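# Close look at the chain arrangement
Take a look at the letters that make up each chain.
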Amino acid sequence: LREIAALGPAYWFVVAVGAVFTLARFSEAFLILRADSVGLAASWVPLILVTMNVAYALTAYPVGALSDRLGRMGLMAAGLATLIVADLVLAAAANAWLVCAGAALWGTHMGFTQGILATLVADTAPVDYRGTAFGLFSLVSGLATLAASLLAGWLWARIGAPATFVAGAGFAAAALA
């Protein structure tokens, strides 16, 4: 408990923003479900995750290098804005091409945000407590992902696929604010 108390308010602000952001980032399994819901053949469904991961891989290093020169907050905001657009594209998707475009945007947002979130944890945690800081951040993120995925599944079942992604866009907008 002494270590947790030593983490400080800047760290806890990062954890809080990360938790709200994670509520917007429910499980990537919903990308696969969305592809299936618009009629993408099962044999092509893995293409959605490949597209997402290629976009993630292509953006992570350049964004990381930019964050070292330009600062982190503007790029984090750009990543959140990209997630909002991705969610809205996925909400409106009526065919596999739009789901693929949404998945590419989803991967791009990951390239913008995942490294920056980790860096913000490292930047705000005392050097002697970085392991604790990353462990707590991962715990909170995991719980937020579970909650987000439960909510996403409930929305999907009760209202439909578009509602799931519109809610994700709303959480991303809250994290951006």
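So, here's what we can say about the structure.

Criteria and cut-off values
Residues numbered from 1 in each chain as written. Predicted model: local features only at pLDDT ≥ 70, side-chain atom pairs only at ≥ 80, totals over all residues. Heavy atoms only, no water. Salt bridge = Lys/Arg side-chain N within 4 Å of Asp/Glu carboxyl O. Buried < 20%, exposed > 50% of the residue type's maximum accessible area, 1.4 Å probe, protein only. Phe/Tyr/Trp six-rings, centres within 6.5 Å; stacked < 30°, edge-to-face > 60°. Helix = DSSP H or I, 4+ residues; strand = E, 2+ residues; numbered from the N terminus. Core = buried A, V, L, I, M, F, W, Y, C linked by side-chain atoms within 4.5 Å. Contact = heavy atoms within 4.5 Å. Axes fitted to C-alpha atoms, helices over the stretch in contact; angles between N-to-C directions. Parallel < 35°, antiparallel > 145°, perpendicular 65-115°, else oblique. Left-handed = near helix turned anticlockwise from the far one by under 90°. Nonpolar A, V, L, I, M, F, W, Y, C, P; charged D, E, K, R; others polar.

So, about the pattern of salt bridges. Counted according to the given criterion, the structure contains three salt bridges. Arg25 serves as the salt-bridge partner of Glu28, at 2.2 Å between the closest nitrogen and oxygen. Between Arg72 and Asp68 there is a salt bridge, and its shortest N-O distance comes to 3.7 Å. Note on Arg72: relative accessible area 19%, which makes it buried. Within the structure, one salt-bridge network assembled from shared partners comprises Asp68, Arg72 and Asp123.

Next up on the list: the packing of aromatic side chains. Inspection of the entire model under this criterion finds six aromatic pairs. Ring geometry for Phe26 and Phe30: centres 5.3 Å apart, planes at 75°, overall edge-to-face. Look at Phe30 and Trp156: their rings are 5.9 Å apart centre to centre, the planes differ by 50°, and that puts the pair in the tilted class. A residue pair is termed long-range when its members are at least 10 positions apart, and Phe30 in helix α3 (residues 29-37) and Trp156 in helix α7 (residues 130-158) qualify at 126 residues. Residue class for Phe30 comes out buried when judged on its relative accessible area of 9%. Of the residues examined, Trp156 reaches a relative accessible area of 21% and is grouped as partly exposed. Feature note: the residues Phe26, Phe30, Trp106, Trp156 and Phe165 constitute an aromatic cluster, connected by ring pairs.

With that out of the way, let us pick up the nonpolar core. One finds Tyr11, Phe26, Leu31, Ile48, Trp106, Phe137 and Phe165 to be the most contacted residues of the largest nonpolar core, which totals 44 residues. Taken together, the elements giving at least two residues each to this core come down to α2 (8-24), α3, α4 (46-70), α5 (73-92), α6 (96-124), α7 and α8 (161-176). Here this core gets 10 residues from one element, more than from any other, and that element is α6. Other than its neighbours up to four places away in sequence, Ile48 contacts Leu31, Ala35, Leu40, Val99, Cys100 and Ala103.

Another point: the packing of α5 against α6. With their axes 8 Å apart at the nearest point, α5 and α6 run at an angle of 155° to one another. In terms of their interaxial angle, α5 and α6 are classed as roughly antiparallel. For the pair α5 and α6, the crossing hand works out as left-handed. Partitioned by chemical class, the residues of the contact of α5 with α6 number 19 nonpolar, six polar and one charged.

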